[in-house]
Amino acid sequence: MDISLGQPRNWDSHVHHCTEDWSAMAFKSFTFGVIIRVGLIVLLAFAAAYVYASQQAAPIALLFLGLIGLVAVNLISFVSNTNRKISKFLESIRYSDFSTSFTKDSGLGNSFRQINQSFNDVIDAFKKTRAEKEEQMLFLQIMIQHINTGIISFDNRGRIGVINGAAKQLLQIPQFKDIHDLGKLSKELLSKVLDLSPGGSFAIRINTDLHLNVQSAAFKMDGNSWTLLSFQNIRAELQKNELEAWQNLTKILRHEIMNSMTPIASLASSLGTILEEDVRESEEGSLSIEKESFIDLSEGLETIASRSKGLVDFVHAYRDYTSIPQPIIKPIAVQSLFENIRVLWKDELANTGISLACTINPPTLEIHGDQDLLQMILINLIKNSVEALAHAEDKRIMLKGGINHQSKPVIQVIDHGEGIVPEALERIFVPFYTTKKSGSGIGLAISRQIMNLHKGSLEVVSNPGVQTVFTLSFK
């Protein structure tokens, strides 16, 4: 969630400059005041010594000594007043008491008036900064309370910091003071929230009306670690997507069934006409048919059988797509996975003149997943690469394992075959969509679904005739 409050202002820099200005002015005034008084003391001391030494005028020397005492007392008072002012100023800053005003003793001299003015300027700058930050905080609080996304923050001890109205309405938890109170709504939700890493997200179905998408962020404030959670009820969106999925599936089923049933019905009608018109019954009761009609009947029945088989294959493909087992997640050494693939494809690749190169960086790379299901994906992707390299000059397939820019493990299948045109690139993961005459159109759809079950992703980038890269990204 991005929150913008307009053009930012560097208030720390502003206050810093004010403090520097005050420091310079106050130091100059204080130094000047001390120099004058010390200089006056020195002059009076010399005068007293001169009068006493040259004229033996003790009363006058004593008068000078008295003046020296008065100036010394004034110097001490000047320094003490300045120290008290600085101490009072620093306490005002420390305790954020910006109601203090330094004006009462301006009559003590111009230097004190300058110091007072400097103090007041700095306090006014702090006061203005604090007021504007309080306005920004109030704006943020109002905005957080009015957004439709539920917001909750909690510290490392579980104490709730901020919770807005949308979160209260979604979660319906009375007396929500600690993050562990989420367990009142769902123990599974609480467990997933506590295990959620910063920047992570998950979806969970609480009940028929509440399907939450939860996202996490981390920050530090006042030396404490805080977690910010956002909650959204995605039930309506899921229902919309589910309806669209059913509508698309219905279109696919209708299209495939009509493609198969229409010629079957037409052929069945034609074959019925042939039987009715071309079959002859002899006096003995036996039936005969002309050879040409018999051939037509035979070809028609063969076509019906072929289309029926195609429809059965489609139903099986649909069953395979909708019955993928849940993956059994275990650590897998990518080197072992690649070696299994190499053994499986060794003979077939040798017959087609295609080489399979495997690189892993780091060599000890591990992923977490179901080895059988991931092996199924790689087999399907290599099969596609083999078909794409049928007429290519560079007959190489590369299997690469590595770490992406997000420090997540990835596996890539790369070939330099015919590639995928942009129009097809957007649809190749759609179930039953295929660019091959003999393809079922579910291989890539199943592969992506398997990666979704692994909380990962399957993406493709293709430059036709140059290079095609399928990338499996893991958590």
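Refer to the structure printed above.
An account of the accompanying structure is given in this report. Residue positions within a chain follow its written sequence, with the count starting from 1. Local features in this predicted model are restricted to residues whose pLDDT is 70 or higher, and side-chain atom pairs enter the listing and the counts only when it is 80 or higher, whereas totals over whole chains, interfaces and linings include all residues. Values shown for side chains rest on all heavy atoms present in the structure; no hydrogens or waters enter the calculation.

## Description of the packing of aromatic side chains
So, step 1. Side-chain rings of Phe, Tyr and Trp (the six-membered ring for Trp) are treated as a pair once their centres are within 6.5 Å; stacked means planes under 30 degrees apart, edge-to-face means over 60, and tilted covers the remaining angles. Summed over the entire model, instances satisfying the criterion amount to one aromatic pair.
So, step 2. Judged by centre distance (6.4 Å) and plane angle (10°), the ring pair of Phe219 and Trp226 falls under stacked.

## As for the packing of helix H8 (residues 334-352) against helix H9 (residues 371-388)
So, step 1. Orientation is described by axes fitted as lines to C-alpha atoms, over the contacting stretch for helices, and by angles from 0 to 180 degrees between their N-to-C directions. Think of it this way: any DSSP run of H or I at least four residues long counts as a helix, any run of E at least two long counts as a strand, and we number them from the N terminus. Taken N-terminus to C-terminus, the directions of H8 and H9 make an angle of 40°; their axes are 10 Å apart at the nearest point. Our classification of the angle between H8 and H9 gives oblique. For H8 against H9, the interelement crossing comes out right-handed. Contacts from Ser336, Leu337, Phe338, Asn340, Ile341, Leu344, Trp345 and Leu349 in H8 reach Gln371, Gln375, Leu378, Ile379, Ile382, Lys383 and Val386 in H9.
So, step 2. Along the lines of polarity and charge, the residues of the contact of H8 with H9 split into 10 nonpolar, four polar and one charged. Working rule for angles: under 35 degrees goes down as roughly parallel, over 145 as roughly antiparallel, 65 to 115 as roughly perpendicular, anything else as oblique. Handedness of a helix crossing follows the sense of rotation of the near helix relative to the far helix, less than a right angle counterclockwise being left-handed and clockwise being right-handed. The contact definition used throughout considers only heavy atoms, calling two residues in contact when any of these lie within 4.5 Å. Each residue gets one label: Ala, Val, Leu, Ile, Met, Phe, Trp, Tyr, Cys and Pro are nonpolar, Asp, Glu, Lys and Arg are charged, and the others, such as Gly, are polar.

## Description of helix H5 (residues 187-195)
So, step 1. Accessibility here uses a 1.4 Å probe with only protein chains present; expressed as a share of the type maximum, an area under 20% marks a residue as buried, one over 50% as exposed, and anything in between as partly exposed. Among the residues of H5, those classed as buried are Leu189, Leu190 and Val193. For H5, the angular spread of the buried residues around the axis is 100°, confining them to a single face. Along H5, exposed side chains directed more than 90 degrees from the buried face belong to Lys187 and Asp195.
So, step 2. As for H5, its buried residues are in contact with strand S1 (150-155), strand S3 (201-207), strand S4 (210-221) and strand S5 (224-233).
So, step 3. You can read the cap of H5 off the contacts: a side-chain oxygen lies 3.4 Å from the backbone nitrogen of Glu188, and it is on Ser186. The arc in question is the one traced by the directions running from the helix axis out to the C-beta atoms. Under this definition, polar contacts are N or O atom pairs within 3.5 Å; protein pairs additionally need one hydrogen-donor-capable and one acceptor-capable atom, and for neighbouring residues in sequence, both atoms have to be side-chain atoms.

## Examining the sheet that holds strand S12 (residues 409-415)
So, step 1. Strands are treated as partners if at least two bridges between them are detected by DSSP. With respect to topology, five strands assemble into an open sheet ordered S9-S11-S12-S14-S13, the strand pairing being mixed. A strand with exactly one partner marks an edge of an open sheet, and here the two such strands are strand S9 (355-360) and strand S13 (457-463). For this sheet the average axis-to-axis angle between neighbouring strands, irrespective of direction, equals 15°.
So, step 2. Judged from the six bridges that link them, S12 and strand S14 (residues 467-473) form a sheet pairing that is antiparallel. The residue bridging Val410 from the neighbouring strand is Ser473, located in S14.
So, step 3. Here H9 sits on the sheet and contacts strand S11 (396-403), S12, S13 and S14; the angle it forms with S12, its principal contact strand, is near 20°.

## Side note on unusual backbone geometry
So, step 1. Backbone torsion omega between Asn361 and Pro362 reads 5°, so that peptide bond is classified as cis.
So, step 2. Among the secondary structure elements, Pro362 is positioned in the loop between S9 and strand S10 (366-369).
So, step 3. A positive phi angle is found at Gln172, which is not glycine, with a value near 55°.
So, step 4. Phi is positive for Lys455, close to 60°, though the residue is something other than glycine.

## Some points on the nonpolar core
So, step 1. Residue types Ala, Val, Leu, Ile, Met, Phe, Trp, Tyr and Cys, when buried and joined through side-chain atoms within 4.5 Å, form a set referred to as a nonpolar core. With 38 residues, the main nonpolar core has Leu378, Ile397, Ile411, Phe470 and Leu472 as its most contacted residues.
So, step 2. Looking at this core, the elements with two or more residues in it are H8, H9, S11, S12, helix H11 (443-453), S13 and S14.
So, step 3. If one sorts the elements of this core by residue count, H9 sits on top with seven residues.
So, step 4. If we skip the residues at most four places from it in the chain, Leu378 touches Leu337, Phe338, Ile341, Leu399, Ile411, Val413 and Leu472.
So, step 5. The next biggest cluster of nonpolar side chains, apart from the first, holds 22 residues, and it includes Ile173, Leu182, Ile204 and Leu212.

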